[in-house]
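Commentary on secondary and tertiary structure
Listed below are the residues making up each chain.
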Amino acid sequence: MSTPEANEAAGTVGTLVVVSNRLPVDRVTGDDGVVTWRPSPGGLVTAMEPVVRDLGCVWVGWPGNVDEELAPFNVDSMELRPVSLDAQDFTEYYEGFSNDTIWPLYHDVISAPAYHREWWDRYVAVNRKFALAAAEAAEPGATVWVHDYQLQLVPAMLREARPDLIIGFFLHIPFPAAGLFSQLPWRRKVLEGMLGADVIGFQRVVDAANFRASVRRYVGAPSSGNVILLPERDGSEKRRVLAQDFPISIDANAFQTLAQSAKVRKRAREIRRELGNPKRIMLGVDRLDYTKGIRHRLKAFAEILRDGEVAASDITLVQVASPSRERVEAYRQLRDEIEITVSRINGDHGTIAHSPVMYLHQGVPREEMAALYLAADVLVVTSLRDGMNLVAKEYLACRSDEQGVLVLSEFTGAADELRRALLVNPHDIDGLKAAMLQALRMPPREQRQRMKALRKVVFRNDVARWSESFLRAVEAQAAQWRTNAAETDPALMVNDPVFLSPGLDSALLRLSAEQSILVACDFDGTLAPIVPRPDDARISPRAERALAALNEAPGVHVALISGRSIESLSATGVQLDEWIVAGSHGAELVGLPDAQLVTGAPSAEERGRLARLTEVLQGLVALTPGARLELKPYGCAVHVRQVSDSVVGDRLLAEAAAAVADMGEDASQIQSRTGKRVLEFSVRRASKGEVLGIIRAELPDATVLFVGDDDTDEEALQSLRPGDVGVRVGDAPTVAEYRVADPEAVAALLSRLVNVRTGHVIGSD
Ligand code: ADQ
């Protein structure tokens, strides 16, 4: 059982009640016939385990056998409340409506969904059983967390029975586009069932958006950002429901620790040996499900062997496919097809000594899985549609050696976060083959660079953070509803004190709907207010929070494009690690997915020229009190912001320009730029426009928002294309279509983009 203190820390009231189709335990019958239960492996359990371990909970679910009445029992820190299902419940509610109607429909109709009225009736009846069991288990005012597509009606049924409860619902699988969802004969009832919750969590931004669109269409309830406003019959407001993405993750540390254990490392070496020490091991781990694209993976693999791109004797594809839903016809067929294909590949390309595909139709214990992850040079995830895909994250968590390559389908929720994986469209077999070959041939250095970045994402966003943020949102939503406090009204909070012009606001709305966005900003005068001493410049906290939120949002990249050197940007304290950063007007560039593009150190020739330039300018600047020479990796800048007499300052700038023009052969190789009370010289030709071009070549699908305040930003603004949004800060002449007044307005603009893209609110400071 949970302790009140622990629950308070998580923001929940009373004991947390979790409701899911299956109880998270498996029955073990000992030799003496005594039945015990142990926590079972698998998607939801894996994710919830750390939360429950810390908090304890009551868990309501089906124990896994039909026609069995069991009294509540305890396993570890969980009190388990079994819900009994009979054989017909199992066939019609579970195999039928859940796995042969909702599952294929929500996975974009990869297999045709079947619609049967008796399945639906049974689904309603079984959902009621679960709701009643949860209602009985929950203490007054408790938080109930309902999971997944089998129990979509439970939230509303539970609210009706127990209006005192705080209810969260999380959908582990995708939510389809309104056009597909509209097929479901009981679409409105399903939406109303889910809307019984205070918070509805989805894996991806697009799932939440799809849901809100269906709610608008079939329930007639509008939304403001991520908040759905449920009307009463008379049109007055009844309740607010938050429908937002909460991408699930794994207990990354636990996987890492497991993979670092001597036993698992030894087992990984053993696996390699047992496979005959092939040069490369490729791994696939899935439930045997048609959504996982196993056929596509095998087809691409077979073609690589057929084309002679890789010798069959040099490679083994280990495919672990755990048995799943074996009584549903589509799954039976799939198993047959896969097993025929595997035999065909091994028949065509194998020898007595070696089979290129090692196929295991079985679940694998977690330790063995960690050893497989360690042994695998490449993990291939080819889902045609997948809510998240935890296998991809587990692989990354296990690879503290920073080796190994992840080939990842862009149709997984994980692809929204894991952008440095080799992303593939599994329907494009040629593209998939190319990615597999790239992965198999990737040099260790590039593996390390990618793996490092990918692991960062998994460790930052682990399952503890997932559950905490979900439970916090549930509690906040409920508190707000209870107090009905105007100051926490999200609709009011998005009304920013800074007014953005309607034209710019609609440009942001249009931009936010793009699949891929690059938000590129200048620093001084744009994100950071101009201050007398450049060293004192600081990014506005609100802009920093907004950029961090944008950078975490799927499909959004953040770039800083500044005249400052990267070192000088870092010295202001701004956190650059996660962003693309172009310094020294683009002469320096870091953080692009393609590490090749990261700019190297100055050449010997550039260093020589820079030394001569510095010498000339140092002499001049020393003579003018208040003037300062800033040294950069590729140039130097003469600052006169602190020269008290502006005429003297201007004269120094003119003298500096003349002195550099006099530098003989060097002069033609030195580029100069005028900024606000600063004249800059660079020994490497670069411009903000050019560097923006380099960045966008790496992100070819991105639509760009560029914000800058300086004349040097005009080069970037000029390079924008139709559909991009250009914003100039201040009132100087510009080619930009939009203007804002100052860095405070830039922070408001970025916050607005966060709100319309993700529904999150970044308040003003
Ligand atoms: P699943 O479709 O089951 O989950 P996935 O997220 O890849 O898919 O895997 C869940 C867990 O099962 C992982 O911990 C994995 O290690 C384990 N697993 C998979 N195959 C296994 C095997 N052969 N042997 C042993 N263990 C195996 C659903 C959704 C996903 C979503 C999760 C969690 O379909 O999209 O990521 O829920 O929300």
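As the structure is a prediction and not an experimental result, all values here were calculated from the model.

1. Structural notes on the overall build of the chain
Scanning the chain from terminus to terminus reveals 26 helices and 29 strands. In terms of overall size, the chain behaves like a compact globule, its C-alpha atoms giving a radius of gyration of 29 Å where 765 residues would be expected to give roughly 27 Å. Taking the principal axes of the C-alpha coordinates as reference, the chain spans close to 95 × 75 × 45 Å. Put simply, of all contacts in the chain between residues at least 6 apart along the chain, 68% involve residues at least 24 apart. Summing over all exposed atoms, the chain offers an accessible surface of approximately 31,100 Å²; the carbon and sulfur share of this is 51%.

2. Quick word on the confidence of the model for the chain
Chain-level statistics for the chain give a pLDDT mean of 89 and a share of 92% at 70 or above. Confidence drops under a pLDDT of 50 for residues 1-13, and excluding neighbours within four residues, the segment shows 32 contacts in the predicted structure.

3. Some thoughts on the side chain of Asp207
Inspection of the secondary structure puts Asp207 in helix α8 (residues 205-218). Judged by its relative accessible area of 0%, Asp207 is buried. Dropping the residues within four chain positions of it, Asp207 is found in contact with Pro174, Phe175 and Phe202.

4. What about the site of the ligand?
The local shell around the ligand holds 24 residues, among which His172, Asp386, Met388, Leu390 and Glu394 are the closest. Backbone polar atom of Gly387 to an oxygen atom of the ligand: 2.9 Å apart, as the coordinates give it. Measuring from an oxygen atom of the ligand, one finds a side-chain N or O atom of Glu394 at 2.4 Å. Relative to its unbound accessible surface of 700 Å², the ligand loses 91% to contact with the protein. Looking at the shell around the ligand, the elements that each hand over two or more residues are α2 (43-55), β13 (280-287), β14 (315-322) and α14 (390-398). Residues of the shell around the ligand, tallied by class, amount to nine nonpolar, 10 polar and five charged. Domain assignment of the residues forming the shell around the ligand places at least three in each of domain 1 (5-83 + 127-171 + 178-233) and domain 2 (252-461).

5. With respect to empty space enclosed by the protein
Inspection of every chain in the model, using the stated rule, returns five cavities of 30 Å³ or more. Its boundaries defined by the atoms lining it, the largest cavity holds a volume of some 300 Å³. What lines the largest cavity is a set of 23 residues, and nearest its centre among them are Asp524, Arg641, Val678, Glu680 and Asp710. Among the elements that take part in the lining of the largest cavity, strand β25 (residues 671-675) stands out by supplying three residues, more than any other. Shared between two domains, the lining of the largest cavity takes at least three residues from each, and those domains are domain 3 (493-598 + 686-758) and domain 4 (604-682). Looking at the lining of the second largest cavity, the elements with two or more residues in it are β24 (635-639) and β26 (678-682). Ranked by the residues each element gives to the lining of the second largest cavity, the list is headed by β26, at three residues. Taken together, the residues of the lining of the second largest cavity sort by class into three nonpolar, four polar and three charged.

6. Details of the domain arrangement of the chain
In terms of domains, the chain is made up of domain 1 (5-83 + 127-171 + 178-233), domain 2 (252-461), domain 3 (493-598 + 686-758) and domain 4 (604-682). Here the C-alpha centroids of domain 2 and domain 4 sit 56 Å apart.

7. A short note on the side chain of Thr703
Mapped onto the fold, Thr703 is located in strand β27 (residues 703-708). Looking at Thr703, the relative accessible area reads 10%, which means it is buried. Here Glu514 takes part through its side chain, which lies 3.5 Å from a polar atom of the side chain of Thr703.

8. Quick look at unusual backbone geometry
Phi angles above zero are rare outside glycine, and Asp108 is one such case at about 55 degrees. With a phi angle near 50 degrees, Asn277 is a residue other than glycine that sits in the positive phi range. In this fold, Asn277 is placed in the loop between α10 (262-274) and β13. The class for Asn277 is exposed, based on a relative accessible area of 51%.

9. Quick look at the sheet that holds strand β23 (residues 628-632)
Pairing in this open sheet of four strands is antiparallel, and the strands run β23-β24-β26-β25 from one edge to the other. Bordering the open sheet on either side are β23 and β25, each of which pairs with just one other strand. Across the sheet, the mean angle separating the axes of adjacent strands is 15 degrees when strand polarity is ignored. Sheet strands touched by helix α23 (residues 646-661): β24 and β26. Its angle to β26, the strand with the most contacts, is close to 15 degrees.

10. Re the pairing of β23
As judged from the five bridges shared by β23 and β24, these two strands associate in the antiparallel manner. By the bridge assignment, Leu629 is partnered in β24 with Val638. Linking β23 back to β24 in an antiparallel pair, the connection comprises two residues.

11. Things to note about the environment of Gly387
Among the structural elements, Gly387 can be located in the loop between β16 (378-381) and α14. Sequence separation of Gly387 and Tyr106 is 281 residues, and the distance between their C-alpha atoms is 9.6 Å. In this view, Gly387 contacts His172, Ile173, Pro174, Gln203, Arg204, Thr412 and Gly413; residues no more than four positions away in its chain are not counted.

12. What to know about the packing of helix α4 (residues 117-137) against helix α5 (residues 154-161)
Where α4 contacts α5, the axes come no closer than 9 Å and their chain directions differ by 45 degrees. Classified by the angle between their axes, α4 and α5 sit oblique to one another. Once α4 is placed against α5, the crossing between them reads as right-handed. Facing α4, whose interface residues are Val124, Asn127, Arg128, Phe130, Ala131, Ala134 and Ala135, α5 presents Val154, Met157, Leu158 and Ala161. In terms of residue class, the contact of α4 with α5 is made up of nine nonpolar, one polar and one charged.

13. Some points on the pattern of salt bridges
As enumerated under the stated definition, the model contains 57 salt bridges in all. The salt bridge partner of Asp164 is Arg162, with a shortest N-O separation of 2.8 Å. The closest approach of N and O atoms between Arg684 and Glu606, which form a salt bridge, is 3.0 Å. Taken together, the residues Arg684 in the loop between β26 and α24 (688-698) and Glu606 in helix α22 (residues 604-621) connect sequence positions 78 residues apart.

14. Here's the deal with the packing of aromatic side chains
Per the stated rule, a full pass over the model turns up 25 aromatic pairs. On the numbers, 6.2 Å between centres and 55 degrees between planes, the contact of Tyr106 with Phe181 is tilted. With Tyr106 in helix α3 (residues 87-106) and Phe181 in helix α6 (residues 178-181), this pair connects stretches of sequence that are 75 residues apart. Given a relative accessible area of 0%, Phe181 falls into the buried group. In this structure, Arg325 packs its charged tip against the face of Trp103, placed 4.1 Å from the ring centre.

Conventions we followed
- Residues numbered from 1 in each chain as written.
- Predicted model: local features only at pLDDT ≥ 70, side-chain atom pairs only at ≥ 80, totals over all residues.
- Heavy atoms only, no water.
- Helix = DSSP H or I, 4+ residues; strand = E, 2+ residues; numbered from the N terminus.
- Rg over C-alpha atoms; globule rule 2.2 N^0.38 Å.
- Contact = heavy atoms within 4.5 Å.
- Areas by Shrake-Rupley, 256 points an atom, 1.4 Å probe, with all protein chains shown as cover.
- pLDDT = per-residue confidence, 0-100.
- Buried < 20%, exposed > 50% of the residue type's maximum accessible area, 1.4 Å probe, protein only.
- Near = heavy atom within 4 Å.
- Polar contact = N/O pair within 3.5 Å; in protein donor to acceptor, adjacent residues only side chain to side chain.
- Nonpolar A, V, L, I, M, F, W, Y, C, P; charged D, E, K, R; others polar.
- Domains from an automatic or database assignment.
- 1 Å grid on protein atoms, 1.4 Å probe; cavity = no way out; pocket = protein on both sides within 12 Å on 5 of 7 lines; lining within 4 Å.
- Points joined across faces, edges and corners; volume = space filled by probe spheres on them.
- Pairing = 2+ DSSP bridges.
- Axes fitted to C-alpha atoms, helices over the stretch in contact; angles between N-to-C directions.
- Parallel < 35°, antiparallel > 145°, perpendicular 65-115°, else oblique.
- Left-handed = near helix turned anticlockwise from the far one by under 90°.
- Salt bridge = Lys/Arg side-chain N within 4 Å of Asp/Glu carboxyl O.
- Phe/Tyr/Trp six-rings, centres within 6.5 Å; stacked < 30°, edge-to-face > 60°.
- Lys NZ or Arg CZ within 6 Å of the ring centre and 35° of its normal.

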